[in-house]
Amino acid sequence: MELSLFFKSIIEQDRCAVVICNLEHKIIYMNPAAVTSYAKRGGAALVGKSLLDCHNAESCEKIHKVVDWFAESKDHNVIYTFHNEKQNKDVYMVALRKEDGELIGYYEKHEYRNRETEKFYNFEK
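Throughout what follows, the structure given in this document is the object of discussion. All values reported here derive from a predicted model rather than from experimental measurement. (Residues numbered from 1 in each chain as written. Predicted model: local features only at pLDDT ≥ 70, side-chain atom pairs only at ≥ 80, totals over all residues. Heavy atoms only, no water.)

### Focus: the sheet that holds strand β1 (residues 19-22)
- Sheet architecture is open: five strands sit in the order β2-β1-β5-β4-β3, paired in antiparallel fashion. Here the strands that pair on one side only, and so sit at the sheet edges, are β2 (27-30) and β3 (78-84). Between one strand axis and the next, the sheet turns through 20° on average, direction left out of account.
- Sheet strands in contact with helix α3 (residues 57-72) are β3, β4 (89-97) and β5 (103-112), and its direction is about 45° off that of β4. (Pairing = 2+ DSSP bridges. Helix = DSSP H or I, 4+ residues; strand = E, 2+ residues; numbered from the N terminus. Axes fitted to C-alpha atoms, helices over the stretch in contact; angles between N-to-C directions. Contact = heavy atoms within 4.5 Å.)

In structure tokens:
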């Protein structure tokens, strides 16, 4: 079975929003959590549109600066961008690269800081 199917399944099952963009800032993929999270802004209809259209001028400038930083070095891969106090989560931008290190895009990663309330091994869902 093709390895990419496993990776796609991992992203689609993630409960955190994942929005993947190419270097032209075009949204090329949103996982189901992102579609739900950004429903008020268009949800799945955002795929194929520019991420920059979803942000103000200051945020767009920061996005460009981060992508430029990613391009400077193969070692520049993750940068902390924001803490959302209301949702108690940290937000990062992460570089996407080919095996040879060539930058091909980026995505936004959310890490929630709330303790899980689900019971361990709860098979009774």
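### Notes on the pattern of salt bridges
- Counted under the stated rule, the structure contains seven salt bridges.
- Of the charged contacts, one joins E12 and K8 as a salt bridge, the two residues approaching to 3.5 Å between their closest N and O atoms. With E12 and K8 both in helix α1 (residues 3-13) and four residues apart, the pair spans about one turn of that helix.
- The class of E12 is partly exposed, set by a relative accessible area of 30%.
- The closest approach of N and O atoms between D90 and R113, which form a salt bridge, is 2.8 Å. Here D90, found in strand β4, pairs with R113, found in the segment after β5; they are 23 residues apart in sequence, far enough to count as distant.
- Judged by relative accessible area, D90 falls into the buried class, the value being 10%.
- Through salt bridges that share partners, D90, K109, E111 and R113 make up one connected network. (Salt bridge = Lys/Arg side-chain N within 4 Å of Asp/Glu carboxyl O. Buried < 20%, exposed > 50% of the residue type's maximum accessible area, 1.4 Å probe, protein only.)

### Brief notes about the nonpolar core
- By size, the foremost hydrophobic cluster in this structure holds 19 residues, and its most contacted members are V19, I27, M30, Y38, F70, M93 and Y106.
- Counting residues per element, the ones that place at least two in this core are β1, β2, α3, β4 and β5.
- Looking at this core, the element that brings in the most residues is α3, giving five residues.
- When neighbours within four sequence positions are excluded, M30 is seen to be in contact with V18, V19, V35, Y38, G43, L46 and V47. (Core = buried A, V, L, I, M, F, W, Y, C linked by side-chain atoms within 4.5 Å.)

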